[in-house]
Amino acid sequence: MGLLETTITGRKRRSSHAHVVAELGSGIVSGSIPEGSILPGDADLSLRFGVSRTVLREAMKTLAAKRLVEPKAKVGTRVLGSESWNFFDADVLGWRCEAGLDQQFVEHLATIRMTLEPAAAAAAATQASSDDIAALYAIAARFDDLNHTPETIAKVDLDFHLAIARMSGNPFMRSASGLIEAALAISFKLSSPAASPETIEEIATNHLRIAHAIALRDPEKATNAMRHVIEAGKDRIAVHLTK
């Protein structure tokens, strides 16, 4: 289950491994488990979470891969600071969103999207097949519905942006999908385009402009159209955060 789906439904993974990872991971990202602290030993954590040491060790490996913790021989497992975290990881992004949003985080997220997604749109303009473009138009058409709820428009938005990442033909673009989901999850929580008919019409027009540019095989227009969509989304969120 992706970050956006989790944000919409509130449902979370329930395996023992996922539970331990989520509890410790969210605690680290929120700051309730302080940077530089040493986590309790295996016996204490196994008792706390009611899991075997095997499950616990696998959870620690997962947290280490996300760069949230680092095991040290004869010292224990040390909690790393935010400068080490892997923010391309969907879980880390999700925990960061849950911990509370601020203007700086929104700006940082928009900046990295502005670096990647316009380039993906430009690549799609040269790489996409006719079937790809037809599929993109079909997704774009789904924006144009004044009965959209925050949930339904967020899902269309995600489908559209992930389609462009795939159409770019660049596997690194596809791997950055967690960033797109994080941005849309924030929008869903704070300032959904479904808030008014005018905003729905605006977002439908803006995304259709991207599809047109890709269909015209015009990388420059596709780049500019994508930049406009990202800026508009950031501005909607910024207005909410400054209230």
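Owing to the predicted nature of the structure, the values given are computational and were not obtained by experimental measurement.

Criteria and thresholds
Residues numbered from 1 in each chain as written. Predicted model: local features only at pLDDT ≥ 70, side-chain atom pairs only at ≥ 80, totals over all residues. Heavy atoms only, no water. Helix = DSSP H or I, 4+ residues; strand = E, 2+ residues; numbered from the N terminus. Areas by Shrake-Rupley, 256 points an atom, 1.4 Å probe, with all protein chains shown as cover. Lys, Arg positive; Asp, Glu negative; His and termini not counted. Charge placed at Lys NZ, Arg CZ, Asp CG, Glu CD. pLDDT = per-residue confidence, 0-100. Salt bridge = Lys/Arg side-chain N within 4 Å of Asp/Glu carboxyl O. Buried < 20%, exposed > 50% of the residue type's maximum accessible area, 1.4 Å probe, protein only. Pairing = 2+ DSSP bridges. Expected span 1.5 Å × (residues − 1). Contact = heavy atoms within 4.5 Å. Polar contact = N/O pair within 3.5 Å; in protein donor to acceptor, adjacent residues only side chain to side chain. Core = buried A, V, L, I, M, F, W, Y, C linked by side-chain atoms within 4.5 Å. Phe/Tyr/Trp six-rings, centres within 6.5 Å; stacked < 30°, edge-to-face > 60°.

Colleague: What exactly am I supposed to notice about the overall build of the protein chain here?
Modeller: In terms of helices and strands, the protein chain carries 12 helices and two strands. Its helices and strands taken in sequence order, the protein chain reads α-α-α-α-β-β-α-α-α-α-α-α-α-α from the N to the C terminus. Viewed in the frame of its principal axes, the protein chain has a C-alpha envelope of about 60 × 40 × 30 Å. For the protein chain, the exposed surface amounts to about 12,100 Å²; the carbon and sulfur share of it is 52%. Between the averaged position of the 27 positive side-chain charges in the protein chain and that of its 29 negative side-chain charges there is a distance of 7 Å.

Colleague: Is there a simple way to think about the confidence of the model for the protein chain in this case?
Modeller: Should pLDDT be low for a region, the predicted coordinates there are not to be read in detail. Mean pLDDT over the protein chain works out to 90, with 93% of the residues at or above the 70 mark. Mean pLDDT per element in the protein chain: helix α1 (residues 3-9) is the minimum at 61, and helix α7 (residues 130-143) is the maximum at 97.

Colleague: I tried to follow the pattern of salt bridges on my own but got confused; where do I start?
Modeller: It is possible for side chains bearing opposite charge to pair when their charged atoms get close. Enumeration over the complete set of coordinates arrives at 11 salt bridges. In this structure, aspartate 89 and lysine 66 form a salt bridge, with 2.9 Å as the shortest nitrogen-oxygen distance. Residue aspartate 89 is found in the loop between β2 (76-79) and α5 (90-98), and its partner lysine 66 is found in the loop between α4 (53-65) and β1 (69-72); the two are separated by 23 residues along the sequence. Neither aspartate 89 nor lysine 66 differs from the other in exposure class; each is buried. Its salt-bridge partner being arginine 142, residue aspartate 159 comes within 3.1 Å of it at the nearest N-O pair. Here the residue aspartate 159 occupies a position in helix α8 (residues 150-167), and arginine 142 occupies one in helix α7, the gap between them amounting to 17 residues. One salt-bridge network, held together by shared partners, links Lys66, Asp89 and Asp91.

Colleague: Can you help me understand the pairing of β1 in this one?
Modeller: Consecutive side chains along a regular strand alternate between the two faces of the sheet. Across four bridges, the pairing between β1 and β2 is antiparallel. Note that in β2 the partner of valine 69 across the bridge is valine 79. Hairpin remark: β1 followed by β2, antiparallel, with three residues in the connecting loop; positive phi at lysine 74, about 65°.

Colleague: What should I look at first to understand helix α12 (residues 219-241) in this one?
Modeller: Within an α-helix, residues lying three or four positions from one another point in the same direction, as the helix has 3.6 residues per turn. Here α12 spans 33 Å end to end across 23 residues, near enough to the 33 Å set by a 1.5 Å rise per residue. Of the residues making up α12, those classed as buried are Ala222, Thr223, Ala225, Met226, Val229, Ile230, Ala232, Gly233, Lys234, Ile237 and Ala238. In the core, the buried residues of α12 are packed alongside α6 (103-127), α8, α10 (177-190) and α11 (197-215). One side-chain oxygen at the N-terminal end of α12 lies 3.2 Å from the backbone nitrogen of glutamate 220; it belongs to aspartate 218.

Colleague: Help me out: how do you make sense of the nonpolar core in this one?
Modeller: Burial of nonpolar side chains together is a common tendency in soluble globular proteins. If you look at the biggest cluster of nonpolar residues, it comprises 30 residues, and the most contacted ones within it are Leu136, Phe143, Phe160, Ile164, Ile210 and Ile214. Where this core is concerned, the elements lending two or more residues are α6, α7, α8, α11 and α12. Sorting elements by how many residues they give to this core places α11 first, with seven residues. Once you skip the residues sitting within four places of it in the chain, phenylalanine 143 turns out to touch His148, Ile153, Val156, Asp157, Phe160, Ile200, Ile203, Ala204 and His207. In this structure, Leu24, Leu39, Leu45 and Val79 belong to the second largest nonpolar core, which totals 20 residues.

Colleague: Quick question: what am I supposed to make of the side chain of lysine 66 here?
Modeller: Residue classification places lysine 66 among the buried residues on the basis of a relative accessible area of 7%. Within polar-contact distance, the side chain of lysine 66 engages the side chain of aspartate 89 at 2.9 Å. A distance of 2.9 Å separates a polar atom in the side chain of lysine 66 from a polar atom in the side chain of aspartate 91.

Colleague: What should I look at first to understand the environment of valine 20 in this one?
Modeller: Locating valine 20 in the fold gives a position in helix α2 (residues 16-30). Separated by 35 residues in sequence, valine 20 and valine 55 have C-alpha atoms that sit 8.6 Å apart. Leaving out residues up to four positions away in the same chain, valine 20 has contacts with Phe49, Val51, Leu56 and Ala59.

Colleague: How do you make sense of the packing of aromatic side chains when you look at a structure like this?
Modeller: Here a ring pair, both rings aromatic, is described through the centre-centre distance and the interplanar angle of the planes. As enumerated under the stated definition, the model contains two aromatic pairs in all. Ring geometry for tryptophan 85 and phenylalanine 87: centres 5.8 Å apart, planes at 50°, overall tilted. Given a relative accessible area of 12%, tryptophan 85 falls into the buried group. For phenylalanine 87, a relative accessible area of 28% puts it in the partly exposed group. A centroid spacing of 5.9 Å and a plane angle of 70° characterise the contact between phenylalanine 143 and phenylalanine 160, whose relative ring orientation is edge-to-face. Here phenylalanine 160 lies in helix α8 and phenylalanine 143 lies in helix α7, a separation of 17 residues in the sequence. Looking at phenylalanine 143, the relative accessible area reads 0%, which means it is buried.

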